[in-house]
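A look at the structure
Spelled out, the chains give:
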There are 2 protein chains.
Amino acid sequence: MLPLTDVQISDPFWSRYINLVRDVVVPYQWNALNDLIPDAEPSHAIKNFKIAAGLEEGDFYGMVFQDSDVAKWLEAAAYLLAAEPDPQLEQIADEVIDIIAKAQLEDGYLNTYYTLKEPGNRWTNLTECHELYCAGHMIEAAVAYYKATSKQKILDVVCKFADYLCKVFGPGPDQLKGYDGHQEIELALMKLYEVTGNKDYMKLCQFFLQERGQEPHFYEIEFNKRGGVTHFGEGMTKNKEYSQAHAPIHKQDKAVGHAVRFVYMCTGMAHLAAVTGDPELFASCERLWDNMEKKQMYITGGIGSQSHGEAFSTDYDLPNDTVYAETCASVGLVFFAQRMLLLQADRRYADALERSLYNTVIAGMSQDGKSFFYVNPLEVHPDACKANQNYSHVKTTRQGWFGCACCPPNVARLLASLSQYVYTVRERTVYANLYISGEAKVDLNGNQILIKQDSNYPWEGNIRFAIRAAQVTDFTLALRIPAWCENASVSVNGVEQSLDGLIVNGYAMLEGSWKTGDQIELVLPMEVARMKGHPLVRQTAGKVAIQRGPFVYCLEEIDNGSNLHQFSLPRDAKFVVEEDPALFHGVRTITTTGVKHNANDWGEELYKRDAVLEESKIKMKFIPYYAWANRGEGEMRVWVEDK
Amino acid sequence: MLPLTDVQISDPFWSRYINLVRDVVVPYQWNALNDLIPDAEPSHAIKNFKIAAGLEEGDFYGMVFQDSDVAKWLEAAAYLLAAEPDPQLEQIADEVIDIIAKAQLEDGYLNTYYTLKEPGNRWTNLTECHELYCAGHMIEAAVAYYKATSKQKILDVVCKFADYLCKVFGPGPDQLKGYDGHQEIELALMKLYEVTGNKDYMKLCQFFLQERGQEPHFYEIEFNKRGGVTHFGEGMTKNKEYSQAHAPIHKQDKAVGHAVRFVYMCTGMAHLAAVTGDPELFASCERLWDNMEKKQMYITGGIGSQSHGEAFSTDYDLPNDTVYAETCASVGLVFFAQRMLLLQADRRYADALERSLYNTVIAGMSQDGKSFFYVNPLEVHPDACKANQNYSHVKTTRQGWFGCACCPPNVARLLASLSQYVYTVRERTVYANLYISGEAKVDLNGNQILIKQDSNYPWEGNIRFAIRAAQVTDFTLALRIPAWCENASVSVNGVEQSLDGLIVNGYAMLEGSWKTGDQIELVLPMEVARMKGHPLVRQTAGKVAIQRGPFVYCLEEIDNGSNLHQFSLPRDAKFVVEEDPALFHGVRTITTTGVKHNANDWGEELYKRDAVLEESKIKMKFIPYYAWANRGEGEMRVWVEDK
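Cut-off values and rules
Residues numbered from 1 in each chain as written. Chains lettered and ligands numbered in written order. Predicted model: local features only at pLDDT ≥ 70, side-chain atom pairs only at ≥ 80, totals over all residues. Heavy atoms only, no water. Helix = DSSP H or I, 4+ residues; strand = E, 2+ residues; numbered from the N terminus. Salt bridge = Lys/Arg side-chain N within 4 Å of Asp/Glu carboxyl O. Buried < 20%, exposed > 50% of the residue type's maximum accessible area, 1.4 Å probe, protein only. Domains from an automatic or database assignment. Phe/Tyr/Trp six-rings, centres within 6.5 Å; stacked < 30°, edge-to-face > 60°. Lys NZ or Arg CZ within 6 Å of the ring centre and 35° of its normal. Contact = heavy atoms within 4.5 Å. Buried area = accessible area lost by both parts, 1.4 Å probe. Polar contact = N/O pair within 3.5 Å; in protein donor to acceptor, adjacent residues only side chain to side chain. Nonpolar A, V, L, I, M, F, W, Y, C, P; charged D, E, K, R; others polar. Least-squares fit on C-alpha atoms with pLDDT ≥ 70 in both. Pairing = 2+ DSSP bridges. Axes fitted to C-alpha atoms, helices over the stretch in contact; angles between N-to-C directions. UniProt positions renumbered as here; feature names shortened; annotations may be inferred.

Here the focus is unusual backbone geometry. Of all residues except glycine, most have a negative phi; of all peptide bonds, most are trans. Residues A:Tyr457 and A:Pro458 are joined by a peptide bond in cis, for which omega reads 5°. Mapped onto the fold, A:Pro458 is located in the loop between β6 (447-455) and β7 (462-469). Look at the link from B:Glu215 to B:Pro216: it is a cis peptide, with omega at -5°. Mapping B:Pro216 onto the fold places it in the loop between α10 (199-211) and α11 (218-225). Positive phi outside glycine occurs at B:His44, with the angle close to 70°. Following the sequence through the fold, B:His44 ends up in the loop between α1 (14-33) and α2 (45-52). Phi at B:Glu310 is positive, roughly 45°, even though this residue is not glycine. Structurally, the position occupied by B:Glu310 is in the loop between α14 (279-295) and α15 (327-343).

Structure, rendered in structure tokens:
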């Protein structure tokens, strides 16, 4: 089993977000699950469980995966409880767990849709009906709740369910050689294995992954068995790329299909590879990661270039205005990256994790925690979004909770569990992946170490670490030097260290016999960086984006006026970074003098020969991308003309 | 009635196209209509008429507007017969006319779909079912055939039909206050009025136009009368912008909705305004033209920025890669422009007509006349078109005849009738709108004038006119000076004319007492022009397009290699124009030395700070846009980075 860290976050940037999740998002979500939000589409998710538990009368209502909303809420609640006691929240959670337990059938089966609506059809439509997906979310919730509270009840429920799954699925003659159309169970089983030590769960994960995409194809087999009956048409059965079931995982070499499914699948793969050390699986994880990160990821850490199928497109096709870049996909990318870090300490995984987290993930939620983006565009023109259906999936303002409410609870559970992403521990090395202030308890072969991290990151790059240990302990503190940073420096107890030869895979490896009172300071200079896209990306050709520290910046109409495409950024632009205490709890804005093409003297003609556009100098003000669309509707743009 | 010109084209560029229509397109279309094309979707269009005529047994098959395919074929055939006798073609046409006549019902009604499939439901679903649209196409065909052959039969058929329509539709208590969901009947009635002089037809056109978009809304009224029954869902009834029925025509101020419907409607409006002189209608035509031409037209003369609804988007939203720009819409733009020229001699209409004709319209057809584009993109990346559904409507190679075969016959009928677009005559002025070699007979109040035009246009800008007249005749020869041309010059009988004060609305007005032997030479220097898009168009920001004469040029992968987005065109680029006799019957290519950004030293990272891309000089070879995609699949790009 992999070592765990216990981190208490106390961070100027992130604590506010975690408190928002605690004070706004999770309570709102609870009301939503209980249909207490006026004018919102009903969820019915809690009611479904109550009906299945025999506590209320009625019919199932909602999507086939409605149960997963309850599980995601419970998971987020568990993480909050792990961070801080909250008897009232715990009581609500316990009551929900009681209902869930009652809804479980004798044999361990747990799914309110099938129990209430199609009792005879269990396991007949894995392609479309998210049965194992819902199971996976319940397992994740149970693991989180058990770890937070040490209460066994929900863990027992999911173990009973998982034991039953181990009987149903497998290579045996009476077993089902199938897998879910929406990956999730795989990563969940790995978590359940981690917490229980029961290898059957790991083996079932392995089975699901190995079966995926094999011929004869499971989707076709069950489709024929059902006599061609479908829930949503034949799409899911026929388009196997959509759910990464077009080929066995070891033959897949590109990120394709539904982006969330892809990263969930890879998360399970990487976790399994980290546990088993299987080199072929490791290679598959790396290959798929590589394609995603090096050829299909937006600078904001968004993935999924097209709305159709919420899917990847192809290498280097990264349109900024017709983009999808679902919030959930970036949340999943964070999961995938974290598991890759378990597999191999390489800053590239943490860099991408950071990129997604500080940009697309938190852009997904409004500053007040009350509205959300599914789609995270890099360029928005409100008029065009309204008139042209090419952009119709791109919303110009965040929306309230959705009928299919995947993104808000996903953001909630990630933010509530952020403490799990700060460090990775491998043998006697503690890797600091993220710079988030707080205290980590690390168990190194029985030696308890406390590492206190303290900084004003992500706004400033001076990060201080203080060690407390009951006894002098030999270990390596590995500090990620992000790829965005040049000229990082490290000092130990006030003595500057040469980084020559100290960097391994992007981490500064500070080996030492550490004792209480030791102080490490990492300095990551945060210069404003002019970022360019790979020459094969046509949507960034001739354009530049601004990044400072982990934040990608953008122009908004409210600060710069309209027609942001008329702005260009000179090569020698000087940037002024300023804290604006009144804006979004103190963002650093970046201003510079740019050039704007004016339409003034152009006239009416749409096309003109030998026209030289009138130019004028103009102040350009950038804000961090995550904060866009919090001051009304307007144009926004990440990639700006490069002059 | 408006004066007509009788033009025989004999042109190095266009005669080949017209011959293609005669030798390839129209015969192919005939086979298609008769289901004689192996492996093609059946048309059944002729069979529907035979069944309705009682000549064969069977059921109706095809779209509700299947009849229009027969009409469009007959119309194209008529234009070919007008240009050149062809007894075999005429015999086939006469036989088709016999069938059509037999399919007409006693009261004049003619529509095989309703006759065969819904005999009781005539005029119950104008919103969706193209009943008057089919009528309009049959009228257009009849007018063309009558003019070509002087044979009365099909004209009688459509007059009987139109007389019946005049009874059915109108403001009277027993009449239907409706109009068609796909405009076409309006422009057709104007043609029928022109050839018959029967004002009832003009008045019916007027009625249809005036009723459009009035409240209470006709679509809703008939929808409710039908009890909500629809053919294709409620879309057409609810989304009234789609068919420009969202407001009365005099309150419409923007090109919206389905682009073909829009230009067909405007064609009827402009023709009616030209005949009646109604100033309000004229103003409406100008207002809608203005918006289309100045804010929503591609440099290629394409219109319709989005595939959804094959529709306009909004002002200055002109994406190059997700574009629609349907071939039919540009054909319709040619119709609209021609009618605007009847209304007002202004070169802007002829310029746009020329732009559409020489670029999008002929790009719609392959060089061999055998395959066709619906969608005419300005930027194509074959990999992305396959992987990303945003571009899925963009085909990278032309397709054979389509199930819904609108574009090929539309191109055919336009090219076959091209002679109608060369000149407009208004009182004693002959306006030369297009520079196409051939001979025009013009009747100026009884004086027959022959104007012979001779040039190697569009490749060269020297155009010679020779006059023949039975007697000396006072008239003005008005020569369009295209907006793309600088430094035009004109000489009359070898004497250079000063153009100062001679230009009215973009036409050089050569007043004179013309006699046989007079020679006029117009010289339109064809320099290579660097075209820029309006500063409000974000998709052309920082980009430049190359135009020479009426041709917009493009880069193709086959000439330039892949990654065309890496090319940029320096401000001081020198262009070499060369004739390539082996390429597409002798196109002029344009070559220059440009700059290419290389990916060589970049490495694998998708985003890099402070990266300066390696550049190298490279030859760039442009071909006329219309000829793209005739040498296999590859990238193509009109707008190139401006350096």
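Next, the rest of the story.
Turning our attention to the pattern of salt bridges. What the rule picks out here adds up to 83 salt bridges over all chains. The salt bridge involving B:Glu293 is made with B:Arg348; its shortest N-O contact spans 3.0 Å. Highlighted residues: B:Glu293 in helix α14 and B:Arg348 in helix α16 (residues 347-363), separated in sequence by 55 residues. Residue classification places B:Glu293 among the buried positions, given a relative accessible area of 15%. Given a relative accessible area of 16%, B:Arg348 falls into the buried group. The residue B:Arg464 makes a salt bridge to B:Asp454 at a minimum N-O spacing of 3.5 Å. With B:Arg464 in strand β7 (residues 462-469) and B:Asp454 in strand β6 (residues 447-455), this residue pair connects regions lying 10 residues apart in the sequence. Accessibility expressed as a relative area gives 33% for B:Asp454, which makes it partly exposed. Connected through salt bridges with shared partners, the residues A:Asp290, A:Glu293, A:Lys294, A:Arg348 and B:Glu604 form a single ionic network.

Let us look at the domain arrangement of chain A. Taken domain by domain, chain A holds domain 1 (19-229), domain 2 (247-411), domain 3 (423-523) and domain 4 (530-642). Computed from C-alpha coordinates alone, the two centres of domain 1 of chain A and domain 4 of chain A are separated by 45 Å.

What follows deals with the packing of aromatic side chains. What describes a pair of aromatic rings is the distance from one ring centre to the other and the angle between the planes of the rings. All names here are of chain A. Across all of its chains, the model carries 74 aromatic pairs over all chains by this definition. Both rings, one in Tyr358 and one in Tyr457, keep their centres 6.1 Å apart while their planes meet at 80°; by these two values the pair is edge-to-face. Within this pair, whereas Tyr358 is found in helix α16 (residues 347-363), its partner Tyr457 is found in the loop between β6 and β7, the two being separated by 99 residues in sequence. Relative to Tyr457, the ring of Tyr435 has its centre 5.6 Å away and its plane inclined at 75°; by these criteria the two rings are edge-to-face. Taken as a pair, Tyr435 in the loop between β4 (429-432) and β5 (438-444) and Tyr457 in the loop between β6 and β7 lie far apart in primary sequence, 22 residues in all. For the pair Tyr435 and Tyr457, a shared accessibility class is recorded, and that class is buried. Against the face of Phe223 rests Lys238, its NZ or CZ located 4.7 Å from the ring centre.

To continue, consider the interface of chain A and chain B. Contacts between the two partners involve 65 residues from chain A, matched on the other side by 65 residues from chain B. When the buried area of chain A at its contact with chain B is split by residue, A:Leu606, A:Tyr607 and A:Arg609 rank highest and sum to 17% of it. Put simply, chain A and chain B have six salt bridges between them. Between A:Glu486 and B:Arg609 there is a salt bridge, with its nearest N and O atoms 3.8 Å apart. Across the contact surface, chain A and chain B share 32 residue pairs in polar contact (both at pLDDT 80 or more). Counting only elements with at least two residues in the side of chain A that touches chain B, the list comes to α14 (279-295), α17 (382-387), β14 (528-533) and β20 (607-609) of chain A. The element contributing the most residues to the side of chain A that touches chain B is β14(A), with six residues. The residue makeup of the side of chain A that touches chain B, split by class, is 26 nonpolar, 21 polar and 18 charged.

We now examine the relation of the copies chain A and chain B. Screw-axis analysis of chain A against chain B gives a translation of 0.0 Å along the axis, an RMSD of 0.0 Å, and a rotation angle of 180°. When the rotation and shift are considered jointly, the pair of chain copies conforms to a two-fold rotation axis. Minimal C-alpha separation from the rotation axis in chain A is found for A:Asn390, amounting to 3.4 Å.

Judged by how many residues are buried, strand β14 (residues 528-533) of chain B sits mostly within the fold: six of six residues are covered. The two faces of β14(B) match: B:Val528, B:Arg530 and B:Lys532 on one face and B:Ala529, B:Met531 and B:Gly533 on the other face are all buried. Note: β20(A) against β14(B), three bridges, orientation antiparallel. Paired with A:Tyr607 across the two strands is B:Gly533, which belongs to β14(B). Sheet topology note: the β14(B)/strand β15 (residues 543-548) of chain B ladder contains four bridges and is antiparallel. By the bridge assignment, B:Met531 is partnered in β15(B) with B:Ala545.

Another aspect to go through is the pairing of strand β12 (residues 507-514) of chain B. All names here are of chain B. Note: strand β8 (residues 473-480) against β12, eight bridges, orientation antiparallel. Bridge pairing in β12 links Phe475 to Gly512. The hairpin turn running from strand β11 (residues 503-504) into β12, its antiparallel successor, is two residues long, and Asn505 in that turn takes a positive phi close to 50°.

Bringing the sheet that holds strand β10 (residues 495-497) of chain A into the picture now. All names here are of chain A. Spatial strand order, β1-β5-β6-β7-β13-β9-β10: seven strands in an open sheet with antiparallel pairing. Of all the strands in the sheet, just β1 (5-9) and β10 have a single pairing partner and so form its edges. Along the sheet, successive strands turn relative to each other by an average axial angle of 20°, direction set aside. Strand direction decides the pairing type here: β1 and β5, joined by five bridges, are antiparallel. Bridging from a neighbouring strand, Thr5 pairs with Val442 of β5.

Moving on: the UniProt feature "domain: Non-reducing end beta-L-arabinofuranosidase-like GH127 middle" (unreviewed entry) in chain A. According to UniProt, the feature "domain: Non-reducing end beta-L-arabinofuranosidase-like GH127 middle" (unreviewed entry) maps to residues 429-526 of chain A in the numbering used here. Along residues 429-526 of chain A, the helical share is 0% and the strand share 59%, with 26 Å between the first and last C-alpha atoms.

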